[in-house]
Amino acid sequence: MAGFRVGDVMTRQVVYLPAETTLEEAARVMKEADIGDVVVTDGATLAGLVTDRDIVVRAVAECSDPKVTTIGSITTREVVMIEQNASAGEAAALMRERGIRRILVCDAERKLVGIVSLGDLAMQLDPTSALSEITEHAPNY
């Protein structure tokens, strides 16, 4: 993964939703924005991250009502960040170490500037790989 930085491949569109947002609303926002994750806030504080997979696996599989269950109740609260000038290799190593597929990206002042996913890294590393093909052609909701 030589040669490119996290800031080169990250998704710059970051959508913030308050923890009180229902799963149904969060899923609708993700679908409309064609994204697979939202940053969850608790007031002015970053509370964590919710992914489309969280909604399906943690909520639907547990038979939670998406009209009343909030994203705050399923939020992954361990926030993992990486600086935008870090190498793609550093991002991949961090994902592997933490067993995660997405990392929040910050600038030198620790301000959130994007999100980088395993798919983002795969697309840059080898656009013809199976993971890249799946990531590029599959709907991201």
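A brief report on the enclosed structure follows. (Residues numbered from 1 in each chain as written. Predicted model: local features only at pLDDT ≥ 70, side-chain atom pairs only at ≥ 80, totals over all residues. Heavy atoms only, no water.)

1. Examining a nonpolar patch on the surface
In step 1: Taken together, Tyr-16, Leu-46 and Val-79 make up a surface patch of nonpolar side chains, about 220 Å² in accessible area.
In step 2: Relative to the elements of secondary structure, Tyr-16 occurs in strand β1 (residues 16-18). (Patch = residues over 30% accessible without salt bridge, like charges linked within 9 Å, V, L, I, M, F, W, Y side chains within 5 Å. Areas by Shrake-Rupley, 256 points an atom, 1.4 Å probe, with all protein chains shown as cover. Salt bridge = Lys/Arg side-chain N within 4 Å of Asp/Glu carboxyl O. Helix = DSSP H or I, 4+ residues; strand = E, 2+ residues; numbered from the N terminus.)

2. Concerning the pairing of strand β2 (residues 37-42)
In step 1: In terms of burial, β2 is largely enclosed, as five of its six residues are buried.
In step 2: Looking at chain direction, β1 and β2 are connected through three bridges and run parallel. Counted as the bridge partner of Leu-17 is Val-40 from β2.
In step 3: Considered for its hand, the β-α-β crossover made up of β1, helix α2 (residues 23-33) and β2 is right-handed.
In step 4: One ladder, built from six bridges, connects β2 with strand β3 (residues 45-51); its direction is antiparallel. When the bridges of β3 are listed, Asp-37 appears paired with Thr-51.
In step 5: If you look at the hairpin formed by β2 and β3, you'll find two residues sitting between the two strands, and Gly-43 has a positive phi there, around 70°. (Buried < 20%, exposed > 50% of the residue type's maximum accessible area, 1.4 Å probe, protein only. Pairing = 2+ DSSP bridges. Right-handed = clockwise from strand over helix to strand, strands pointing away.)

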